[in-house]
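Notes for the structure review
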Amino acid sequence: MMLGQWDGIEEFVMVARHGSFTLAAEAYGASVTHMSRALARLEARLQVQLMLRTTRTLRLTETGQIFLETCRRLIEERDEAIAAITSQGEPRGHLRVTCSYALGEKFVAPLVRELSQAFPAISVTLDLDNSLVDLIAEGYDLAIRTGHLEDSRLVATRVASRALVTLASPAYLDARGRPSDIAELSRHECLTGSAAQWHFRGGRSFRPQGRWRCNSGNALLEAALSDMGICQLPAFYLGDHVSAGRLEPVLAALAPEEEPIWAVYPQRRHLSPKVGALVAHLRAQLPMRLAKASAQA
């Protein structure tokens, strides 16, 4: 246990992260009593209440939430400083990553798992979320994102690309016709996901409308296979459905350029070893795995 001004800070962060004294104690390697007393001493020293406790719930106060973000940064910067001068910068510490469901489940989760197996001093939290989270405010080390990036507080490294394919089932196209131009899509049933617009070559775009909307790419794929309409999906979803004739690309000549996939992380003077290791692993492995998944599309 660290003494002085650090006493209780790591325990506080661990309890806040796990939302439970029992889970935090297991992760920290201490007793529940130690975790509870450490937090109580910290609150007494600061003369503020950081957490509200009942027999069933444990939640941060407003002051605790503000203090938590500062403590996370302090611990992270301390660990990065130590890592930079010990073990030749071997990756260590807790790594928090956020990614969309599609890329996360199929590709990023296996790669992060491989990294944690290669470096036992790393622990990982991978959050899959299609919404755009604030990396700095929510304490993430890295996000995997696609398309155009605007946040100047972040650094982006391109780690791969993804192809987008517009397609439908042959049965749907036989019944409704095959569009020869983007404008003709307005006369079709469009199966829409989380993207507000579909993209095409030359910077052209189209805002799809239809009776079926779902933020799951797999659900859109199943709807297209069920002859419900036209969708635009990343090629890695498609498997052998195109080569087997179950789905047919439309407007193939207008297919957009591949979209970049970025590893995004907060600006710092030095890239931490744990983040650098994951970025390198993503850059080395993600393009090959996306290409393999898209090969039959």
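Residues numbered from 1 in each chain as written. Predicted model: local features only at pLDDT ≥ 70, side-chain atom pairs only at ≥ 80, totals over all residues. Heavy atoms only, no water.

A separate point is the state of the cysteines. The final tally for this structure, using the stated rule, is zero disulfides. The thiol of Cys 99 is unpaired, and the distance to the nearest cysteine sulfur, on Cys 214, comes to 17 Å. Among the residues examined, Cys 99 registers a relative accessible area of 2% and is labelled buried. (Disulfide = S-S within 2.5 Å. Buried < 20%, exposed > 50% of the residue type's maximum accessible area, 1.4 Å probe, protein only.)

Time to look at the pattern of salt bridges. Taken as a whole, this structure holds 14 salt bridges when the rule is applied. The residue Glu 69 makes a salt bridge to Arg 72 at a minimum N-O spacing of 3.2 Å. Residue Glu 69 and its partner Arg 72 are both found in helix H4 (residues 62-85); the two are separated by three residues, about one turn of the helix. Given a relative accessible area of 13%, Glu 69 falls into the buried group. Between Arg 162 and Glu 259 there is a salt bridge whose closest N-O contact spans 2.9 Å. Of the two residues, Arg 162 sits in strand S6 (residues 154-162) while Glu 259 sits in strand S14 (residues 259-266), which places them 97 residues apart along the sequence. (Salt bridge = Lys/Arg side-chain N within 4 Å of Asp/Glu carboxyl O. Helix = DSSP H or I, 4+ residues; strand = E, 2+ residues; numbered from the N terminus.)

Attention now moves to helix H3 (residues 32-46). The end-to-end C-alpha distance of H3, which contains 15 residues, comes to 21 Å, matching closely the 21 Å that a straight helix rising 1.5 Å per residue would cover. Listing the buried residues of H3 in full gives His 34, Met 35, Ala 38, Leu 39, Leu 42 and Glu 43. The arc that holds the buried residues of H3, viewed along the axis, is 165°, so those residues lie on one side. Of the exposed residues in H3, the ones pointing more than 90 degrees away from its buried face are Arg 37 and Ala 44. Looking one or two residues beyond H3, the residue adopting positive phi is Gln 47, at roughly 60°. (Expected span 1.5 Å × (residues − 1). Arc of directions from axis to C-beta.)

Purely geometric numbers; function is a separate question.
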